[in-house]
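Understanding the architecture of this molecule
As a plain string of letters, each chain reads:
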Amino acid sequence: MRIVRLTTMAALFGLSLILAVPAGSALAAHPEEGHHHHGGGSFDRQQPEADWAAYPAEFQSYKNQLEQLKAQQKELFVQFKQQREAIRSAHQKLPEAKREALKADVKDLILELKTTRNNIHTLSDQKKTAWEQFRKHADAKQWEAAKADIQTVIARKQEILAKQRTILETQQKIVERMKK
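A few points on the structure.

What counts, and where the lines are drawn
Residues numbered from 1 in each chain as written. Predicted model: local features only at pLDDT ≥ 70, side-chain atom pairs only at ≥ 80, totals over all residues. Heavy atoms only, no water. Salt bridge = Lys/Arg side-chain N within 4 Å of Asp/Glu carboxyl O. Helix = DSSP H or I, 4+ residues; strand = E, 2+ residues; numbered from the N terminus. Buried < 20%, exposed > 50% of the residue type's maximum accessible area, 1.4 Å probe, protein only. Phe/Tyr/Trp six-rings, centres within 6.5 Å; stacked < 30°, edge-to-face > 60°. Arc of directions from axis to C-beta.

1. A few points about the pattern of salt bridges
- Evaluation of the coordinates by the stated rule reveals six salt bridges.
- Between E67 and K63 there is a salt bridge; the shortest N-O distance is 3.9 Å. On the criterion of helical spacing, the pair formed by E67 and K63 is a turn pair, its members being four residues apart in helix α3 (residues 59–93).
- What makes E67 partly exposed here is its relative accessible area of 43%.

2. Some remarks on the packing of aromatic side chains
- Within the structure shown, the criterion is met by ten aromatic pairs.
- Ring geometry for W52 versus W131: centroids 6.4 Å apart, planes at 80°, classification edge-to-face. On the criterion of sequence distance, the pair formed by W52 in the loop between β2 (42–43) and α3 and W131 in helix α5 (residues 107–139) is long-range, its members being 79 residues apart. A single burial state applies to W52 and to W131, both of which are buried.
- Ring plane angle 55° and centroid distance 5.9 Å describe the contact between Y55 and F59, whose orientation is recorded as tilted.

3. Some points on helix α4 (residues 96–105)
- Considered for burial, the residues of α4 that qualify are R99, L102 and K103. Viewed along the axis of α4, the buried residues span an arc of 110°, placing them on a single side of the element. Facing away from the buried side of α4 by over 90 degrees, the exposed positions are A97, A101 and A104.

4. Remarks on unusual backbone geometry
- One non-glycine residue, K141, lies in positive phi territory at about 60°.
- Checked against the element boundaries, K141 lands in the loop between α5 and α6 (143–179).
- Its relative accessible area of 55% is what places K141 among the exposed residues.

Purely geometric stuff here, so don't read any function into it on its own.
Here's what the structure looks like:
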């Protein structure tokens, strides 16, 4: 019975750690760059880099916005790593009785992490679709349509970052509950 409880608890916390960092596809700033996953490596996408110089001047501001969002996301990656370490450390310090009590206490937070992660995946898919449309419209020099597409990419990226911040907040709640 005790082994089953330990296994269940380990699975629950393993799940929380897996869910704590969104999947790499949801983290990429935009499809043409390599993206990072929670292990710190990168996967190269087979899509070419956007040729921003070939676009009208107003598109440079969109490029700058995307670069700013990418920088913000890199900061979040550092925070994700720090929080994962804090969760692991706090979990290791808990006595068995406290771990059992905590298991039920964090179920709502685990569900919140799952929901947020699923939302990020949906937004990421929408962002990818908008990038594909942007490429088609830009290649065809349909600048108004391309402008609308890149604005959608930026909006989805901002929403993804907001969801990632929610994950950080939820992880912090887990750490706080572990310290009670």
